[in-house]
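# Structure at a glance
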Amino acid sequence: MTTRRSDLDRIDEALHRAVAALSPFTPGAVAARPKHDGDPLTAADTAVNDVLEATLPRVGEGWLSEETADDARRLSCRRVWVVDPVDGTREFIEGIPEWCVSIGLVEDGVPVAGGICNPATGDTMLGAIGLGVTHNGVAVDLPERDGLAGATVLASRSEVRRGEWDRFDGAPFTVQPMGSVAYKLARVAAGLDAVTWTLTPKHEWDVAAGCALVAAAGGVAVGLDGRLPAFNTAATKLDGLVACAPGLAPAVLELLAIG
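Here goes a summary of the coordinates provided. (Residues numbered from 1 in each chain as written. Predicted model: local features only at pLDDT ≥ 70, side-chain atom pairs only at ≥ 80, totals over all residues. Heavy atoms only, no water.)

### Here's the deal with the overall build of the protein
Within the protein, the secondary structure is distributed over seven helices and 16 strands. Whereas a compact globule of 259 residues would reach a radius of gyration of roughly 18 Å, the protein reaches 17 Å, a difference of no more than 12%. Dimensions of the protein, computed from the C-alpha atoms along their principal axes, are close to 50 × 40 × 35 Å. Of all 259 residues assigned to the protein, the portion counted as buried reaches 52%. In the protein, the share of contacts with a sequence separation of at least 24, taken over all contacts with a separation of at least 6, comes to 64%. (Helix = DSSP H or I, 4+ residues; strand = E, 2+ residues; numbered from the N terminus. Rg over C-alpha atoms; globule rule 2.2 N^0.38 Å. Buried < 20%, exposed > 50% of the residue type's maximum accessible area, 1.4 Å probe, protein only. Contact = heavy atoms within 4.5 Å.)

Written out as structure tokens, the structure reads:
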């Protein structure tokens with residue numbers, strides 16, 4: 001019988017072990033090869049994946065990772081670990097400090113606990129539903145906002161580069177391009193930034209931990225349709241995502257609907 005506190009302890013331990021596994025690698029000086037889908041893969045990705053898989057799942061728990069062949073048996077598991085060993089591998093390769101280790105725990109299709117660590121910035125966000133969120137060990141008090149004016153909106157650097165955010169030119173908020181959707185979600189959960197959204201589909205392993213953290217902090221993480229996304233699905237993809245501080249969801253969803 002596990003408790004949510006013991007889940008967080010396991011996530012915390014896994015993050016520490018992941019950081020140790022990353023220590024032999026130097027961001028910006030890491031060899032990479034393309035995967036079958038063209039995304040880059042490094043030895044760091046696989047090293048962290050091995051550590052997380054050895055630390056997290058227990059008997060009866062499922063496993064879903066970007067760097068492990070999917071096992072459909074997870075679909076019959078109530079508790080599933082959904083991880084991205086290095087989210088933002090391109091930034092890791094280029095030495096841009098916008099990458100992280102992302103660990104999410106999903107129960108009955110809902111992200112309930114998560115941990116995200118960015119060793120390059122020294123940020124660790126850890127949290128669970130009912131227990132709140134800590135940022136580097138300090139409890140987060142997520143402020144409520146009543147509008148987007150003056151807010152910083154974290155955007156996918158790739159989406160910005162493709163022109164997908166051009167329609168927000170002149171908006172009363174600041175668009176900040178950033179790598180790693182998991183790290184962006186963690187920053188929103190920690191109250192460092194007000195909102196992020198992605199306009200393109202994302203895999204569950206990209207966002208499970210971040211969604212758990214945002215919800216645990218009292219924020220909102222929903223699909224572009226305003227509904228809570230389901231996790232541990234056969235498709236493993238979500239059609240975009242909005243994550244924001246309390247009070248902002250209506251304004252964001254209205255903006256995206258008419259933009």
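Let's pick the thread back up.
### What to know about the sheet that holds strand β8 (residues 132-135)
With respect to topology, seven strands assemble into an open sheet ordered β3-β4-β5-β6-β7-β8-β9, the strand pairing being mixed. For this open sheet the edge positions go to β3 (62-65) and β9 (138-139), each flanked by a neighbour on one side alone. Strands in contact with helix α1 (residues 4-22) are β4 (79-87), β5 (100-107), β6 (110-118) and β7 (123-128); relative to β6, the strand with the most contacts, it is inclined by about 30 degrees. (Pairing = 2+ DSSP bridges. Axes fitted to C-alpha atoms, helices over the stretch in contact; angles between N-to-C directions.)

### A short note on the pairing of β6
For a regular strand, side chains alternate in direction, first toward one face of the sheet and then toward the other. The element β6 is extensively covered by neighbouring structure, given that eight of its nine residues are classed as buried. Where β5 folds back onto β6 in an antiparallel hairpin, the turn is made up of two residues, including Asp108, whose phi is positive at roughly 50 degrees. Remark: four residues form the turn of the hairpin made by β6 and β7, two consecutive strands paired antiparallel; Gly122 in that turn has positive phi of roughly 80 degrees.

### Structural notes on the nonpolar core
The nonpolar side chains of a soluble globular protein tend to be buried with one another. Val82, Ile116, Val207, Leu213 and Phe231 are the most contacted members of the largest nonpolar core, which has 34 residues in total. Where this core is concerned, the elements lending two or more residues are β4, β5, α5 (181-189), α6 (204-216) and β16 (241-244). Tallying contributions element by element places α6 first for this core, with eight residues. Listed in part, the 26 residues of the second largest apolar core include Leu8, Ile11, Leu56 and Trp63. (Core = buried A, V, L, I, M, F, W, Y, C linked by side-chain atoms within 4.5 Å.)

Shape is all these values report; function is a separate question.
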